[in-house]
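A structural walkthrough
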Amino acid sequence: MSEPEPASGVLRLGVLGCADFAWRKMLPAIATVPELRITALASRDPAKAARFADRFGGEPVTGYEALLEREDVDAVYVVLPTGLHHRWALRALDAGKHVLAEKSLTTGADEAAELVAAARDHGLWLMENFLFLHHSQHPAVRERIDAGAIGAPRVFSAAFGVPPRPAGDIRNSPELGGGALLDVGAYTVRAATYFLGPDLTLAGSQLRIDGRTGVDVGGSALFHTPAGVSAELSFGFDSSYRTTYALWGSEGRISVDRAFTPPADLLPSVRWERQDSVQDLVLPADDQYANGARAFAHRVLTGAPFDAYGESLVHQAALLEQIRDRAHHVTV
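Note that the structure is a prediction, hence the values are computed from the model and not measured.

The next thing to look at is the sheet that holds strand S9 (residues 216-224). As summarised here, the arrangement of the nine strands in space is S14-S13-S12-S11-S7-S10-S9-S8-S15, forming an open sheet in which the pairing is mixed. This sheet does not close on itself; its edge strands, each paired only once, are strand S14 (277-282) and strand S15 (328-331). This sheet shows a mean twist of 10 degrees between the axes of neighbouring strands, independent of strand direction. Those strands touched by helix H9 (residues 307-325) are strand S8 (201-209), S9 and S15, and its axis lies near 60 degrees from that of S8.

In total, this model carries 16 salt bridges according to the counting rule given. Ionic pairing is found between Arg70 and Asp72, a salt bridge with its closest N-O pair at 2.9 Å. One salt bridge connects Asp238 with Arg208, and the closest N-O pair in it is separated by 2.8 Å. Taken as a pair, Asp238 in the loop between strand S10 (230-236) and strand S11 (242-249) and Arg208 in strand S8 lie far apart in primary sequence, 30 residues in all. Assessed through its relative accessible area of 34%, Asp238 is described here as partly exposed. Note on Arg208: relative accessible area 22%, which makes it partly exposed. When salt bridges that share partners are traced, they join Lys103, Arg165, Asp169, Arg171 and Asp183 into one network.

Looking now at the sheet that holds strand S4 (residues 75-78). Within a sheet, each strand pairs with its neighbour through backbone hydrogen bonds, oriented either parallel or antiparallel. Taken together, the six strands give an open sheet; going across it, the order is S3-S2-S1-S4-S5-S6, and neighbouring strands pair in parallel fashion. Only two strands of the sheet have a single neighbouring strand rather than two, namely strand S3 (59-62) and strand S6 (126-128). Across the sheet, the mean angle from the axis of one strand to that of its neighbour is 20 degrees, orientation sign disregarded. In terms of strand pairing, strand S1 (residues 11-16) meets S4 through four bridges, oriented parallel. Across the sheet, the residue bridging to Gly14 is Val76, located in S4. Docked against the sheet, helix H4 (residues 82-94) engages S1, S4 and strand S5 (98-101), running at close to 160 degrees with respect to S5.

This next bit is on the side chain of His134. If you trace the backbone, His134 turns up in the loop between S6 and helix H6 (137-146). Looking at His134, the relative accessible area reads 17%, which means it is buried. In contact with His134, other than residues within four places in its own chain, are Met127, Asp286, Gln288, Asn291, Gly292, Ala295 and Arg299.

Turning our eyes to something else, we now look at the nonpolar core. Counting residues in hydrophobic clusters, the biggest one holds 62 residues, and the most contacted among them are Leu16, Leu27 and Tyr77. Looking at this core element by element, the count peaks at seven residues for helix H8 (residues 288-301). One finds Leu181, Leu207, Tyr245 and Ile323 within the second-largest nonpolar core, a separate group that totals 45 residues.

Scoring rules and cut-offs
Starting afresh in each chain, residues are numbered from 1 along the sequence in its written order. For a predicted model such as this one, the threshold for reporting local features is a pLDDT of at least 70, and the threshold for listing and counting side-chain atom pairs is 80 or more; totals across whole chains, interfaces and linings nevertheless cover every residue. Side-chain figures throughout are based on the complete set of non-hydrogen atoms in the structure, without hydrogens or water. When DSSP finds at least two bridges between two strands, those strands are taken to pair. Numbering of helices and strands runs from the N terminus; a helix is a DSSP stretch of H or I covering at least four residues, while a strand is a stretch of E covering at least two. Only C-alpha atoms enter the line fits that serve as axes; for helices the fit covers just the stretch in contact. Angles between N-to-C directions range over 0 to 180 degrees. Two residues qualify as a contact provided that any one of their heavy atoms is within 4.5 Å of a heavy atom in the partner residue. The term salt bridge refers to a side-chain nitrogen of Lys or Arg lying within 4 Å of a carboxyl oxygen of Asp or Glu. Type-normalised accessible area, obtained with a 1.4 Å probe on protein chains alone, sets the label of each residue: buried when under 20%, exposed when over 50%, and partly exposed for intermediate values. Each nonpolar core is a collection of buried residues, namely Ala, Val, Leu, Ile, Met, Phe, Trp, Tyr and Cys, held together in the definition by side-chain atoms within 4.5 Å.

And the structure:
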C-alpha cells in the first residue's frame with residue numbers, strides 16, 4: 001500500500017489506544033500543534049473511543065484494525081501497552097502509516113530491528129516518544145559540559161523511580177511488556193547515550209522481581225565508555241518519586257531534578273557545583289510534550305532522513321535487552 005499524502009501540510013493522525021497518559025498529557029499537547037490533526041481514535045471499548053473523540057475531535061473507531069484501514073489517517077500514535085507495540089506498529093507501517101510509538105518501542109532488539117526495517121522499506125517515519133529529548137534544558141546542560149563547566153566528565157548517574165503501581169496496572173503484567181526496566185529504566189539508558197554517546201559497555205545489572213507478578217519492579221545497571229566514563233543507572237516502581245541525573249567531572253558537577261517529566265510551566269533548575277561555589281541556574285520553561293509532537297510532524301512532513309535515527313532505536317532496545325538478559329535477579 002502506498003503512503004497517503006498529508007493534506008495541505010497537516011499530518012492526519014489516528015490514535016491506537018485510549019490510555020490515561022494520552023488523555024492527560026499527549027493528546028492535549030497534540031491539539032496545540034497546527035501541523036497535526038486528530039482524525040480518528042480507536043479503542044476496543046466503543047464508549048472510551050467516543051469519550052476521547054468528544055474531547056479531542058476525530059471519529060471514534062472500535063478496534064485498531066479498522067483505524068488502519070482508514071484513508072484519512074496518515075500516521076498513527078501507538079499508546080498501547082509495550083507488549084503490543086511491535087504487532088500494531090508493524091501493521092501500521094505495512095498499511096502505509098507513519099508511527100509515533102510510546103516508549104519503550106518494543107520488548108526486544110529483534111522486534112525493534114524489524115520495525116526499523118519495515119519503516120525504511122516503506123519510506124515511512126517511526127519515532128519513539130522519549131519526550132524529555134525535546135526539552136531545552138538538556139541541550140543547555142550539554143553546552144555547559146562541552147564548554148568545560150565540570151572539566152572532564154568522569155561519572156554520569158541517572159535515576160527514575162515512582163511509587164508502587166496499583167494491582168491492576170498494565171505495568172504489572174509480564175504478558176503486556178510490563179516492568180520498571182522498559183518503563184522508567186528506559187529513560188535512564190536513553191539519557192546516558194544522550195550525554196555519553198552510543199558506545200556503552202555493560203559492566204553489570206540487577207533486577208528486583210516481584211514474586212507475585214513476575215515483573216521487575218526495580219533495578220540498576222552500570223555501563224562504561226571506552227574512555228572509562230561510568231554510567232550509573234537506577235530505576236524502580238517501588239520507591240519514592242525521583243527523576244534526576246547528574247554529571248560529575250574532574251572540576252565540578254552538574255545535576256538536574258525533574259529531569260524526565262517536567263510540566264510545561266516549570267522553570268527548570270540546574271545545580272552547578274565547583275570546588276568553592278554552588279550555583280543554581282534557572283532555565284526557561286518548555287513544553288516537551290508539544291515539542292515532541294511537533295518534532296514528529298516536522299520529520300514526516302519534511303521527509304527528514306531516517307536511517308541514523310532508526311539505528312538509534314535498535315541500539316536503545318539492545319542496551320535494555322542486555323540489562324535484562326545479564327541481570328542478577330533478586331525476588332522481593
